[in-house]
Protein chains: 2
Amino acid sequence: METIHQNNARVFKALCDEKRLEIIERLRSGEKCACVLIEQMNIGQSGLSYHMKVLCDSGIVQSRQEGKWTHYKLSESGRDYAVELLKELTTPVAEAETQDCCCN
Amino acid sequence: METIHQNNARVFKALCDEKRLEIIERLRSGEKCACVLIEQMNIGQSGLSYHMKVLCDSGIVQSRQEGKWTHYKLSESGRDYAVELLKELTTPVAEAETQDCCCN
DNA sequence: GCTTCACATCAACTTTATTTGATATGACCA
DNA sequence: TGGTCATATCAAATAAAGTTGATGTGAAGC
């Protein structure tokens, strides 16, 4: 079974690797097909494929098949989801802030 | 030397691990000292210390020394920085969208 | 100064992620 | 149908991250 934390971690895994950040950066200027990314970046075909899978699994990138080519672009809904998730995870809740600390 | 991508990746590394997401979740209800986190979570002392270092390095968590105790809490500025960074990294730029793709 | 406590750091180990080359798949074209 | 191209998947190797127990450090109390 997959925990909610594992699920959330997957979203941010996309952003934890230098190569993937470079891919994302390149996609900012528009949709790119895999062959373009391979020739522009210092990466092999299977390596790119691996990273694209991680990116697509995070929801931040979406892919589109066109014949034998695969095109990748940033997903607007994926971005929105990630941003909202990040905010939610890191925003304090207004619970009874009972400081049950050993040291106070 | 450290690249800008490595720097950015560090921010999101905080959110890529289940244990760290659990720590962040616990900090949402307020500042906690290390000893409390250790007794609440299934984690050893050195393990917690390791994760707290990653979290503090990301800027999302900040620590405060008080005698021999260390208190941790979510950093508002760290959160804001991470959110803005995430938005920036994943938002398309309005460059001349020249699709120099091999396949079109 | 000595001891204790809370935490950080280290080193060895285990686990997970990434890379790389080889092979499989599926679309397209002759 | 057979060949080629683009990409995915696999398996082996390497690298990076996380875990664990032992040791170091600095604050506080005696």
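Right above here is the structure, for reference.
Residues numbered from 1 in each chain as written. Chains lettered and ligands numbered in written order. Predicted model: local features only at pLDDT ≥ 70, side-chain atom pairs only at ≥ 80, totals over all residues.

Q: Could you give me a rundown of the interface of chain A and chain B, with the residues and numbers involved?
A: If you look at the interface, chain A gives 41 residues, while chain B gives 41 residues. If you list the elements that add at least two residues to the side of chain A that touches chain B, you get helix H1 (4–13), helix H2 (18–27), strand E1 (32–33), helix H3 (34–40), strand E3 (69–74) and helix H5 (76–90) of chain A. By residue number, the principal contributor to the side of chain A that touches chain B is H5 of chain A, which donates seven residues. Taken together, the residues that form the side of chain A that touches chain B break down as 21 nonpolar, nine polar and eleven charged. (Contact = placed C-beta atoms within 7 Å. Helix = DSSP H or I, 4+ residues; strand = E, 2+ residues; numbered from the N terminus. Nonpolar A, V, L, I, M, F, W, Y, C, P; charged D, E, K, R; others polar.)

Q: Residue-level account of the relation of the copies chain A and chain B, with values.
A: What relates the pair of chain copies is a rotation about an axis plus a shift along that axis. When chain A is brought onto chain B, the operation consists of a screw motion whose angular component is 180° and whose axial shift is 0.0 Å, with 0.0 Å RMSD remaining. The superposition of one copy onto the other is thereby described by a two-fold rotation axis. With an isologous cut-off of 70% or more, the 100% of interface residues of chain A that recur at the interface of chain B puts this contact in the isologous class. (Least-squares fit on C-alpha atoms with pLDDT ≥ 70 in both.)

Q: Go over the pairing of strand E3 (residues 69–74) of chain B with me, naming the residues and quoting the values.
A: All names here are of chain B. Judged from the two bridges that link them, strand E1 (residues 32–33) and E3 form a sheet pairing that is antiparallel. Residue pairing across strands places Lys32 opposite Tyr72, the latter belonging to E3. Alignment of strand E2 (residues 61–66) against E3, held across six bridges, turns out to be antiparallel. Paired with Ser63 across the strands is Tyr72, a residue of E3. The antiparallel pairing of E2 with E3 creates a hairpin that spans two residues between the two strands, and Gly67 there sits at a positive phi of about 60°. (Pairing = 2+ DSSP bridges.)

Q: Just give me the short version of the protein's contact with DNA strand D, but keep the residues and values in it.
A: Every one of the 24 residues lining DNA strand D counts as a neighbour, but Ala34, Cys35 and Ser46 of chain A together with Ser46 and Gly67 of chain B are closest to it. Here the surface near DNA strand D gets six residues from one element, more than from any other, and that element is helix H4 (residues 45–58) of chain A. Residue composition of the surface near DNA strand D, grouped by class: ten nonpolar, nine polar and five charged. (Near = placed C-beta within 6 Å.)

Q: Summarise the protein's contact with DNA strand C; cite the residues concerned and give the values.
A: With respect to spatial proximity, 24 residues lie near DNA strand C, and among them Ser46 and Gly67 of chain A together with Ala34, Ser46 and Ser49 of chain B are the closest. At the level of secondary structure, the elements contributing two or more residues to the surface near DNA strand C comprise H4 of chain A together with helix H3 (34–40), helix H4 (45–58) and E3 of chain B. Residue contributions to the surface near DNA strand C peak at six residues, all from H4 of chain B.

Q: Tell me what's going on with the sheet that holds E2 of chain B, and back it up with residues and numbers.
A: All names here are of chain B. The sheet built from three strands is open, its strands ordered E1-E3-E2 with antiparallel pairing. For this open sheet the edge positions go to E1 and E2, each flanked by a neighbour on one side alone. Along the sheet, helix H2 (residues 18–27) makes contact with E1, E2 and E3, crossing E3 at roughly 85°. (Axes fitted to C-alpha atoms, helices over the stretch in contact; angles between N-to-C directions.)

Q: Any details on the sheet that holds E1 of chain A? Residues and values, ideally.
A: One open sheet accounts for three strands, arranged E1-E3-E2 (chain A); its pairing is antiparallel. The open sheet is flanked by E1 and strand E2 (61–66) of chain A, the only strands paired with a single partner.

Q: Talk me through the packing of H5 of chain A against helix H5 (residues 76–90) of chain B; I want residue IDs and the actual numbers.
A: Where H5 of chain A meets H5 of chain B, the axes come as close as 10 Å, and the angle between the chain directions of the two elements is 175°. Here H5 of chain A lies roughly antiparallel to H5 of chain B, going by the angle between them. In this structure, H5 of chain A uses Arg79, Ala82, Val83, Leu86, Lys87 and Thr90 of chain A to contact H5 of chain B, whose residues at the interface are Arg79, Ala82, Val83, Leu86, Lys87 and Thr90 of chain B. Classifying every residue of the contact of H5 of chain A with H5 of chain B by side-chain character gives six nonpolar, two polar and four charged. (Parallel < 35°, antiparallel > 145°, perpendicular 65-115°, else oblique.)

Q: Residue-level account of the environment of Glu88 of chain B, with values.
A: Residue position: Glu88 of chain B is located in helix H5. With 67 residues separating them along the chain, Glu88 of chain B and Leu21 of chain B place their C-alpha atoms 23 Å apart.

Q: So what's going on with the nonpolar core? Residues and values would help.
A: Core analysis: the biggest nonpolar cluster contains 35 residues, and Phe12 and Leu15 of chain A together with Phe12 and Leu15 of chain B have the highest contact counts within it. Of all the elements in the fold, those that place two or more residues in this core are H1, H2, E3 and H5 of chain A together with helix H1 (4–13), H2, E3 and H5 of chain B. Discounting residues that sit within four places of it in the chain, Phe12 of chain A has contacts with Phe12, Leu15 and Cys16 of chain B. (Core = buried A, V, L, I, M, F, W, Y, C linked by C-beta atoms within 7 Å. Buried ≥ 20, exposed ≤ 12 C-beta atoms within 10 Å, placed from the backbone.)

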